[in-house]
Amino acid sequence: MSDTSPTATLPLVGAKPRLELRLAFLALGALALIAGLYGALARLGWTLPLGASLAALHGPLMISGLFGTLISLERAVALGRGWSYAAPALSALGTLLLLVGAPEAFGAGAYAAAAAVLAGASLLITLQQPAVFTGALLFGAFAWLAGNVLWLMGQAVPDLVGWWLAFLVLTIAGERLELSRLMPQRRGSEALFLFAIGLLAVGAQNGVMTGNGAILFGLALLVTTLWLLRHDIALLNVRRTGQTRFMAACMLAGYAWLGLAGLVLIVFPPGESSFGYDLALHAVLIGFVLSMVFGHALIILPAVARLRLCYGPILYLPLALLHLSVALRAGAGLAGWDAGRMASGALTLLALAGFVASLIKSSRNGREAPPTGGSCQGGSRPH
């Protein structure tokens, strides 16, 4: 029993772009990550060339340029329709437009168009396979579209960020809901999940910068966390070994930060506390979302890029550094320790670079002689 891509059960039909094009989308997603992290360091106080311009684009580059591109590409691979690849293409275009200095409206427009295509692809998936989890993926795509349209219309990022966070939370939670069907079904499971979606929607609509919006969104994150901790297959897989346990560890560690983000939004409303805004946002984006990326990279990258990747215990080291960076950011923010906050950004970069290096090392070792308890993922098709 293992974690897999949520839409992997859908048939791969229709024209698909060449592998080189998919790799180009991945490369542009990585470019958005690098530029976004560079801007993040500038926001933390690091003196960097062009830091101010990239600091202003930090949020859009990370949400739409990185995660939007990766999620759109994964969804397109699962659906297998040639037109669905317009979503990662448009998202990548938006990143390029922003990085070359085009007006923000151009990049925002490309991101909004990408979200519209993703919503269309998600709608088709939902029609092919009607279920609560595909509905959650569809609503997540619409949340991304709403956030991008609001940014295109000139709304400030803090006022619309709830929609972007809802996009990521619902995408991940929808995938986990699909996998939870392998667990014994409990009464009220889907009802609780739908309740969380409703709270997310109302909280995002009201805005996390408002008092009631922050409370509703925080409650939504807490309900989602409780649902995940009660129903997720990771609870079983963490008792196993090798790659399966590593993936489960990534999931469970991420859920802890998701729950903390919910508490922070309630106790330290972002409209009243810059600490609450910073910690809640990065507990979700780094502690929760990037932890999910670490956990699923061994599945998604082989499916999308046909890479042969191998698990190795060394992957736990960058995972620990990632969560340590969020803990340092939280503690430094609470104590008003600016140097600690700056160091947390560098530690996040080290965790990401370490993860890539560890993945390369484990894969090389695995191709030569897979270690005991290790495993490799091929790249011929999604798992």
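Residues numbered from 1 in each chain as written. Predicted model: local features only at pLDDT ≥ 70, side-chain atom pairs only at ≥ 80, totals over all residues. Heavy atoms only, no water.

### A look at the packing of aromatic side chains
The line we're drawing: Pairing of aromatic side chains requires ring centres within 6.5 Å, counting the rings of Phe and Tyr and the six-membered ring of Trp. Pairs whose planes differ by under 30 degrees are stacked, by over 60 edge-to-face, and all others tilted. Each helix is a run of H or I in the DSSP string that is no shorter than four residues. Each strand is a run of E no shorter than two, and both are numbered from the N terminus. Residue burial is assigned from relative accessible area. The probe radius is 1.4 Å, only protein chains are included, and a residue is buried under 20% of its type maximum, exposed over 50%, and partly exposed in between.
Across all of its chains, the model carries eight aromatic pairs by this definition. Residues Trp151 and Trp164 carry aromatic rings whose centres are separated by 6.2 Å and whose planes lie at 70° to one another, so their mutual orientation is edge-to-face. Placement of Trp151 in helix 6 (residues 132-152) and of Trp164 in helix 7 (residues 157-180) is noted, with a sequence separation of 13 residues between them. A residue is classified by how much of its surface remains accessible, and Trp151, at 9% relative accessible area, is buried.

### Concerning the packing of helix 3 (residues 58-79) against helix 4 (residues 86-99)
Here is the rule: In this description, a line fitted to the C-alpha atoms serves as the axis of each element, helices being fitted only across the stretch in contact, and the angle between N-to-C directions of two axes falls anywhere from 0 to 180 degrees. Throughout this description, any angle smaller than 35 degrees is read as roughly parallel, any larger than 145 degrees as roughly antiparallel, any in the 65 to 115 degree range as roughly perpendicular, and the remainder as oblique. By convention the crossing between two helices is left-handed if the near helix lies anticlockwise of the far one by an angle smaller than a right angle, and right-handed if it lies clockwise. Should any heavy atoms of two residues lie within 4.5 Å, those residues are considered in contact. For this classification, the nonpolar set comprises Ala, Val, Leu, Ile, Met, Phe, Trp, Tyr, Cys and Pro, the charged set comprises Asp, Glu, Lys and Arg, and every other residue, Gly included, is treated as polar.
Relative orientation of the contacting elements helix 3 and helix 4 amounts to 160°, with a least axis distance of 8 Å. Considering the angle they form, helix 3 stands roughly antiparallel to helix 4. Crossing of helix 3 over helix 4 shows left-handed handedness. In this structure, helix 3 contributes Leu61, Ser64, Gly65, Gly68, Thr69, Ser72 and Leu73 to the contact, and helix 4 contributes Ala87, Pro88, Ser91, Ala92, Thr95, Leu98 and Leu99. In the contact of helix 3 with helix 4, the residues fall into seven nonpolar, seven polar and no charged.

### Observations concerning the nonpolar core
The cut-off we apply is this: By convention a nonpolar core is built from buried Ala, Val, Leu, Ile, Met, Phe, Trp, Tyr and Cys residues, the set being connected through side-chain atoms within 4.5 Å.
With 94 residues, the main nonpolar core has Phe217, Leu221, Val284 and Phe288 as its most contacted residues. Here Val284 is in contact with Leu165, Val169, Leu221, Leu258, Ala261 and Val289, once residues within four sequence places are set aside. Counting eight residues, the second-largest nonpolar core is a separate cluster that includes Leu73, Ala76, Val304 and Ala305.

### Concerning the environment of Ala27
Topologically, Ala27 is positioned in helix 1 (residues 19-43). For the pair formed by Ala27 and Leu66, sequence separation is 39 residues and the distance between their alpha carbons is 9.9 Å.

### As for unusual backbone geometry
Most peptide bonds are trans, and most residues other than glycine sit at a negative phi. Despite not being glycine, Leu50 shows a phi value in the positive range, around 60°. Structurally, the position occupied by Leu50 is in the loop between helix 1 and helix 2 (51-56).

### Here we look at the confidence of the model for the protein chain
Here is the rule: pLDDT is a per-residue confidence score from the predictor, ranging from 0 to 100.
Mean pLDDT over the protein chain: 89, with 90% of residues reaching 70 or higher. When pLDDT is averaged over each helix and strand of the protein chain, the minimum, 69, is found for strand 2 (residues 376-377) and the maximum, 97, for helix 4. Every residue in residues 1-15 scores below 50 in pLDDT, and together they form 50 contacts with partners more than four places removed in sequence or on other chains. Long-range and interchain partners of residues 379-383, a stretch whose pLDDT sits below 50, account for 13 contacts in this model, where long-range means more than four residues apart.

### Structural notes on the pattern of salt bridges
The condition that has to hold: For salt bridges, the criterion is a side-chain nitrogen of Lys or Arg within 4 Å of an Asp or Glu carboxyl oxygen.
Across all of its chains, the model carries three salt bridges by this definition. Here Arg176 makes a salt bridge to Asp232, at a shortest N to O gap of 2.8 Å. With Arg176 in helix 7 and Asp232 in the loop between helix 9 (211-231) and helix 10 (234-237), this residue pair connects regions lying 56 residues apart in the sequence. Since its relative accessible area comes to 0%, Asp232 is described here as buried. A salt bridge links Asp278 to Arg341; its shortest N-O distance comes to 3.3 Å.

### Regarding the environment of Met342
Along the chain, the position of Met342 falls in helix 14 (residues 338-368). A residue is classified by how much of its surface remains accessible, and Met342, at 25% relative accessible area, is partly exposed. Taking the C-alpha atoms as reference, Met342 lies 9.1 Å from Ala332; in sequence the two are 10 residues apart. Discounting residues that sit within four places of it in the chain, Met342 has contacts with Leu44, Gly45 and Trp46.

### What about helix 12 (residues 274-305)?
Put simply, the test is: Each helix should span, by expectation, one fewer than its residue count multiplied by 1.5 Å. We define the bend at any residue as the angle between the axes fitted to the seven residues before and including it, ending there, and the seven starting there. Two N or O atoms count as a polar contact when they lie within 3.5 Å, although within protein this holds only if one can serve as hydrogen donor and the other as acceptor, and sequence-adjacent residues are included solely when both atoms are side-chain atoms.
In this model, helix 12 (32 residues) spans only 40 Å end to end at C-alpha, well below the 46 Å of a helix rising 1.5 Å per residue. Largest kink in helix 12: about 65°, centred on His296. In terms of residue burial, helix 12 counts as a mostly covered element, since 28 of its 32 residues are buried. Backbone nitrogen of Phe275 and a side-chain oxygen of the N-cap are separated by 3.3 Å at the start of helix 12; the cap is Ser273. Among the residues trailing helix 12, Arg306 stands out with phi positive, at a value near 55°.

### Some details on a nonpolar patch on the surface
Stated formally: A patch is a set of surface residues, each over 30% in relative accessible area and not in a salt bridge, joined within 9 Å for like charges and within 5 Å for the nonpolar side chains Val, Leu, Ile, Met, Phe, Trp and Tyr. Here the accessible surface of atoms and residues is derived via Shrake-Rupley with a 1.4 Å probe, and residues count as covered only by protein chains that are part of the display.
A surface patch of nonpolar side chains, amounting to about 290 Å² of accessible area, comprises Val267, Phe268 and Leu334. Mapped onto the fold, Phe268 is located in the loop between helix 11 (242-267) and helix 12.

### Here we look at the environment of Ala353
Locating Ala353 in the fold gives a position in helix 14. By relative accessible area, Ala353 is classed as partly exposed at 49%. In this structure the C-alpha to C-alpha distance between Ala353 and Pro318, which are 35 residues apart in sequence, comes to 8.2 Å.

### So, the side chain of Ser122
Looking at where Ser122 falls in the secondary structure, it is placed in helix 5 (residues 104-128). By relative accessible area, which is 2% here, Ser122 ends up buried. Apart from the residues within four sequence positions on either side, Ser122 is in contact with Arg75, Leu137, Leu138 and Ala141.

### A few points about the packing of helix 7 against helix 12
Angle between the axes and distance between the axes are the two parameters that describe a pair of packed helices. Viewed as axis vectors pointing N to C, helix 7 and helix 12 meet at an angle of 30°, and their least axial separation amounts to 11 Å. Considered as vectors, helix 7 and helix 12 are oriented roughly parallel to each other. Relative to helix 12, the crossing made by helix 7 is left-handed. Two secondary-structure elements touch here, helix 7 through Val157, Pro158, Val161, Leu165, Leu168, Val169, Ile172 and Arg176 and helix 12 through Tyr277, Leu281, Val284, Leu285, Phe288, Val289, Met292 and His296. Tallied by class, residues from the contact of helix 7 with helix 12 come to 14 nonpolar, one polar and one charged.

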